[in-house]
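Here are the chains, one letter per residue:
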Amino acid sequence: MPKRSRLSLTALAIACALSLVSQPARSDDFLRGKTLTLQIGYPSGGGYDLNTRIFARHYGRHLPGNPTVVVANMPGAGSMKLANYLYSVAPKDGTMLGVFAASVALEPLFGNPQATYDTNKFSWIGSLTRDTPSCGVWKGAGQGIRTLADLSNAKKDVLFGSSSPTATTSQHAFVLKKFAGAHLRVIHGYPSTSDIKLALERGELTGTCGLLASTVRSTFMEEYKSGVLKIIVQFGTTERVPLFGDATWIYDVAKNDDDRRVLDFIFKQAELARPLAAPPAVPKDRVDLLRTAMLDTMKDPQLIADAARIGVEFEPVSGEETAAVFASYYKMSEADIKRGLALMAE
């Protein structure tokens, strides 16, 4: 073979090799051989932990590259510690996701200086479920309390457990106090639902909010069926939940459109029961794949069977809808925001 031909073939081989090396990794293969970490903003044992671990057990099978999915807990400040970490410190390549409270996601709008993130810049993967929160009383709080009217007429304050002022366990209780005249006092410092339940059993507490329908089914069903726990008020923005029976629908307490708008402000985001986020600036094609895999996982028969065994039902919310719900808050009137914040504040 002539020398020129040999040189041409060598150059061609080198060019082909270089082109293969320089090609970026395919977006649908970015997790192959890697570990995806799913952080939970609450301690182990509570509703967030339980629901997220069921999801994580099956997520990897539906992700491109079938990575190993590991779960870790990063509790603190009602899950705000995780939100801050995910936004500023976590890798922005799609290998770390986090689940934290929807109420915490909106703390920047609420003016909390400790919330050092922009809600609308998170890469929202979706919400693991859509749910309805409620508040309940334990053993009638020793006063025979069975309804919201009873709570408003209580002779002494009912002690409601909460993790922190930014959690729905606190904010929803104060809505009851200020909007419906409930006689209650909020006690902070209980990191998770399981801690609140233990305190109720010990008699330290006599009530709590933040009781999602899924939490009642998975953690409190025995006590709920026996009447030890009585749900007295429910907060769905569009309808009553049959599970909660005769519990007062908070919208029935509203007197006018102003009241209904402020209730939307408070409770619309609460229906995003387990929002799942990636850090900002994760490439869009990777976000799209993570979103698709989340929805596919929720249809997985193995996940559905696992959830059913412990009384959990998932109703996932897409990433696009989750992002739109959070974005809608930034379009609300200043007057409605101000009033809503005042009702939720301690």
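Heads up: the structure comes first, above all this text.
The rules behind these values
- Residues numbered from 1 in each chain as written.
- Predicted model: local features only at pLDDT ≥ 70, side-chain atom pairs only at ≥ 80, totals over all residues.
- Heavy atoms only, no water.
- Helix = DSSP H or I, 4+ residues; strand = E, 2+ residues; numbered from the N terminus.
- Buried < 20%, exposed > 50% of the residue type's maximum accessible area, 1.4 Å probe, protein only.
- Areas by Shrake-Rupley, 256 points an atom, 1.4 Å probe, with all protein chains shown as cover.
- Lys, Arg positive; Asp, Glu negative; His and termini not counted.
- Charge placed at Lys NZ, Arg CZ, Asp CG, Glu CD.
- Salt bridge = Lys/Arg side-chain N within 4 Å of Asp/Glu carboxyl O.
- Polar contact = N/O pair within 3.5 Å; in protein donor to acceptor, adjacent residues only side chain to side chain.
- Pairing = 2+ DSSP bridges.
- Contact = heavy atoms within 4.5 Å.
- Axes fitted to C-alpha atoms, helices over the stretch in contact; angles between N-to-C directions.
- Core = buried A, V, L, I, M, F, W, Y, C linked by side-chain atoms within 4.5 Å.
- Parallel < 35°, antiparallel > 145°, perpendicular 65-115°, else oblique.
- Left-handed = near helix turned anticlockwise from the far one by under 90°.
- Phe/Tyr/Trp six-rings, centres within 6.5 Å; stacked < 30°, edge-to-face > 60°.
- Lys NZ or Arg CZ within 6 Å of the ring centre and 35° of its normal.

**Q** How do you make sense of the overall build of the chain when you look at a structure like this?
**A** Along the backbone of the chain there are 14 helices and 12 strands. Seen through its principal axes, the chain has C-alpha atoms that stretch 105 × 45 × 30 Å. Every one of the 346 residues in the chain was classed for burial, and the buried ones make up 53%. For the chain, the exposed surface amounts to about 15100 Å²; the carbon and sulfur share of it is 54%. Between the centroid of the 39 positive side chains of the chain and the centroid of its 34 negative side chains there is a distance of 6 Å.

**Q** So what exactly am I meant to see when it comes to the side chain of R286 here?
**A** As for its placement among the helices and strands, R286 is situated in helix α11 (residues 284-298). The buried charged residue R286 lacks any salt bridge partner; its closest oppositely charged side chain belongs to D285, at an N-O distance of 4.9 Å. Within the local environment of R286, its side chain forms a polar contact with the backbone oxygen of D93, the two atoms lying 2.8 Å apart.

**Q** Would you mind showing me how to read the sheet that holds strand β11 (residues 275-278) here?
**A** Sheets are built from strands paired through backbone hydrogen bonds, the pairs being either parallel or antiparallel. Spatially, β2-β1-β3-β11-β4-β12 is the arrangement adopted by the 6 strands of the open sheet, whose pairing is mixed. Where the open sheet ends on each side, the last strands, each with one partner, are β2 (68-73) and β12 (317-318). In the sheet, strand β3 (residues 96-99) pairs with β11 via 2 bridges, with the strands oriented antiparallel. If you follow G98 over to β11, its bridge partner there is A277. On top of the sheet, helix α2 (residues 47-59) reaches β1 (35-40), β2, β3, β4 (123-127) and β11; it is set at about 165° to β1, its chief contact. Taken strand by strand, α11 contacts β1, β3, β4, β11 and β12, and its axis lies near 5° from that of β4.

**Q** Before we go on, may I ask you to explain the nonpolar core in this structure?
**A** Across soluble globular proteins, nonpolar side chains show a tendency to be buried alongside one another. Within the largest apolar cluster, 88 residues are counted, with the highest numbers of intra-cluster contacts made by Y59, F100, L151 and L176. Sequence-distant contacts of L151, defined by excluding residues within four places in its chain, comprise I145, V158, F160, L176, A182, H183, L184 and I232. Ranked by size, the runner-up nonpolar core spans 17 residues in total, among them W138, I196, Y224 and A247.

**Q** It is not clear to me how the sheet that holds strand β7 (residues 184-187) should be interpreted in this structure. Could you clarify?
**A** The sheet built from 6 strands is open, its strands ordered β7-β6-β8-β5-β9-β10 with mixed pairing. The sheet is open, and its two borders are formed by β7 and β10 (248-249), each paired with just one other strand. In this structure, strand β6 (residues 158-161) lies alongside strand β8 (residues 207-208), joined through 2 bridges in parallel fashion. Counted as the bridge partner of F160 is G207 from β8. Across the face of the sheet, helix α6 (residues 168-179) comes into contact with β5 (134-138), β6, β7, β8 and β9 (229-234) while running at roughly 165° to β7.

**Q** When you look at the environment of D28 in this model, what are you seeing that I'm missing?
**A** Note that D28 resides in the loop between α1 (3-22) and β1. By relative accessible area, which is 36% here, D28 ends up partly exposed. In this structure, the C-alpha to C-alpha distance between D28 and L63, residues 35 residues apart in sequence, is 8.6 Å. Apart from residues no more than four positions distant in its own chain, D28 is found in contact with P64, G65 and L289.

**Q** Just checking my understanding: could you explain the packing of helix α10 (residues 257-267) against helix α14 (residues 334-344) for this structure?
**A** Working note: a packed helix pair is described by the angle between its axes plus the distance between those axes. Two elements in contact, α10 and α14, have axes whose closest approach is 9 Å; the angle formed by their N-to-C orientations is 65°. Considered as vectors, α10 and α14 are oriented roughly perpendicular to each other. α14 is crossed by α10, and the crossing has right-handed handedness. Note on element contacts: α14 touches α10 through D336, I337, R339, G340, L341, L343 and M344, opposite D258, D259, R261, V262, F265 and I266.

**Q** Help me out: how do you make sense of the packing of α2 against helix α12 (residues 301-309) in this one?
**A** The contact between α2 and α12 brings their axes to 9 Å, and the two run at 155°. Classified by the angle between their axes, α2 and α12 sit roughly antiparallel to one another. The two elements α2 and α12 meet at a crossing, and its hand is right-handed. Contact residues: I54, F55, R57 and H58 in α2; Q302, L303, D306 and A307 in α12.

**Q** Even after reading the chapter, I still don't get the packing of aromatic side chains, so can you show me in this structure?
**A** Remark: the centre distance and the inter-plane angle together describe each pair of aromatic rings, the angle taken between the planes. With the rule as written, the count across this model stands at 13 aromatic pairs. An aromatic cluster is built from Y87, F100, Y117, F122, W124 and F326, whose rings are joined through pairwise contacts. When the ring centre of F220 is taken as reference, the NZ or CZ atom of K197 above it lies at 5.4 Å. The ring of Y48 carries R274 above its face, with NZ or CZ at 4.3 Å from the centroid.

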